[in-house]
Amino acid sequence: MADVIIVGDGGHSKVVRECLEQQGVDTIIGILDNKYTSYEKNGAQFRAPFDDFEQYKKDTTLWFIAIGDNKARAGVAAKLGDVRYATIIHPTAIISKAATIEPGTVIMPLAVVQPDSVIGAHTIINTGAIVEHDVIISEAAHVSPRATVTGGVKIGTGVHVGASAVVNPGVDLGAYSVIGAGAVVVGDTEAGMTYVGVPARKLER
Ligand SMILES: CC(C)(COP(=O)(O)OP(=O)(O)OC[C@H]1O[C@@H](n2cnc3c(N)ncnc32)[C@H](O)[C@@H]1OP(=O)(O)O)[C@@H](O)C(=O)NCCC(=O)NCCS
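Residues numbered from 1 in each chain as written. Predicted model: local features only at pLDDT ≥ 70, side-chain atom pairs only at ≥ 80, totals over all residues. Heavy atoms only, no water.

Trainee: So what's going on with the pattern of salt bridges? Which residues, and what values?
Mentor: Across all of its chains, the model carries four salt bridges by this definition. Put simply, Arg-47 and Asp-9 hold a salt bridge, and the shortest N to O gap is 2.4 Å. You can see Arg-47 sitting in strand β3 (residues 46–48) and its partner Asp-9 sitting in the loop between β1 (3–7) and α1 (11–23), a full 38 residues away along the chain. Salt bridges sharing common partners tie together Asp-9, Arg-17 and Arg-47. (Salt bridge = Lys/Arg side-chain N within 4 Å of Asp/Glu carboxyl O. Helix = DSSP H or I, 4+ residues; strand = E, 2+ residues; numbered from the N terminus.)

Encoded structure:
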């Protein structure tokens, strides 16, 4: 068992902590958050503002950034620097032995990750999401509940795939592009752009 410090105490953190407890490998010792400082300790030994993070750094401690917003999560990872991260996999998730899950990533209940897929650091594979074979996810991405990422898709840093969206085989999603809930993505997406609908079209603003 390792001690884990969770960063973030919003709704996403609640689900992450549930997954970690169900995984039953590590123990949450603290929760750091600048915003929700008046909340309960939620079973942890301490809670503190995130800005105090330096004093909690220890070689033996693992960290986990449980913030749903991709940019914010990536920003906190940059601030924390050289710490070790937990990998959280809910016991009902199905992960191929030939898949790679990088540290700082959570795989939620009933999600599936197929062979030769790589899930980069600080990524969320949410409840019931499917990541098919040979999918390469960079980092700090989010595949939302029940989304389907088909074979050979490439997902750039910080991409958000909305709930129940489908990404067709071999498509390349540009960094920080956003896919709306229920969209079917049939072609590559431009970095930072939002796509909605079936077939998915870029939102012009
Ligand atoms: C795509 C999305 C990011 C757009 O949000 P937004 O930037 O705030 O955009 P708006 O709500 O202003 O909508 C802009 C337009 O796109 C349309 N639109 C928004 N989301 C859409 C969707 N999922 N499918 C189809 N059309 C959508 C709106 O109706 C609106 O159309 P209009 O200009 O004709 O009125 C958001 O609606 C969405 O689907 N997010 C996914 C959320 C999710 O799955 N979260 C998982 C959390 S676990």
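Trainee: So what about the sheet that holds strand β16 (residues 148–149)? Which residues, and what values?
Mentor: The parallel open sheet is built from six strands, whose spatial order is β7-β10-β13-β16-β19-β22. Each end of this open sheet is capped by a strand with a single partner; those strands are β7 (94–95) and β22 (184–185). Here strand β19 (residues 166–167) pairs with β22 via two bridges, running parallel. Opposite Val-167, over in β22, you have Val-185 as the bridge partner. (Pairing = 2+ DSSP bridges.)

Trainee: How would you explain the site of the ligand if you had to name every residue and give the values?
Mentor: Residues in close proximity to the ligand total 14 residues, the closest being Ser-144, Gly-162, Ala-163, Ala-181 and Arg-205. For the ligand, an oxygen atom lies 2.7 Å from a polar atom in the backbone of Ala-163. A distance of 2.7 Å is found between an oxygen atom of the ligand and a side-chain nitrogen or oxygen belonging to Arg-205. Alone, the ligand offers 910 Å² of accessible surface; in the complex the protein occludes 40% of this. (Near = heavy atom within 4 Å. Polar contact = N/O pair within 3.5 Å; in protein donor to acceptor, adjacent residues only side chain to side chain. Areas by Shrake-Rupley, 256 points an atom, 1.4 Å probe, with all protein chains shown as cover.)

Trainee: For the domain arrangement of the protein, give the residues involved together with the corresponding values.
Mentor: Taken domain by domain, the protein consists of domain 1 (3–86) and domain 2 (88–197). Contact between domain 1 and domain 2 buries roughly 1500 Å² in total, counting both sides, with carbon and sulfur atoms accounting for 69%. Taken together, domain 1 and domain 2 are joined by zero salt bridges. Counting across the interface, domain 1 meets domain 2 through six residue pairs in polar contact (both at pLDDT 80 or more). (Domains from an automatic or database assignment. Buried area = accessible area lost by both parts, 1.4 Å probe.)

Trainee: Just give me the short version of the sheet that holds strand β21 (residues 178–179), but keep the residues and values in it.
Mentor: Across the sheet, which stays open at both edges, the eight strands sit in the order β6-β9-β12-β15-β18-β21-β23-β24 with mixed pairing between neighbours. Looking at strand neighbours, the two that pair on one side only are β6 (88–89) and β24 (201–202), the edges of this open sheet. Note: strand β15 (residues 142–143) against strand β18 (residues 160–161), two bridges, orientation parallel. In the strand pairing of β18, Val-143 is matched with Val-161.

Trainee: Can you explain the nonpolar core? Please cite residues and give values.
Mentor: In this structure, Ile-125, Ile-155, Val-161 and Leu-173 are the most contacted members of the largest nonpolar core, which totals 29 residues. The residues contacting Val-161, other than those within four sequence positions of it, are His-142, Val-143, Ser-144, Ala-147, Ile-155, Val-167, Leu-173 and Ile-179. In terms of nonpolar packing, the next biggest core, distinct from the first, is built from 17 residues, Ala-2, Val-4, Cys-19 and Ala-86 among them. (Core = buried A, V, L, I, M, F, W, Y, C linked by side-chain atoms within 4.5 Å. Buried < 20%, exposed > 50% of the residue type's maximum accessible area, 1.4 Å probe, protein only. Contact = heavy atoms within 4.5 Å.)

Trainee: An account of helix α2 (residues 70–80) is requested, with residue identities and associated values reported.
Mentor: For α2, every residue scored as buried is listed here: Asn-70, Arg-73, Val-76, Ala-77 and Leu-80. Viewed along the axis of α2, the buried residues span an arc of 130°, placing them on a single side of the element. Turned more than 90 degrees from where α2 packs its buried face, Lys-71, Ala-78 and Lys-79 sit exposed. Of the surrounding secondary structure, the elements contacted by the buried residues of α2 are β1, β4 (62–65), β5 (84–85), β12 (124–125), β15 and β18. For α2, the N-terminal capping position is held by Asp-69, with its side-chain oxygen 3.3 Å away from the main-chain nitrogen of Lys-71. Just downstream of α2 lies Gly-81, where phi reads positive at about 70°. (Arc of directions from axis to C-beta.)

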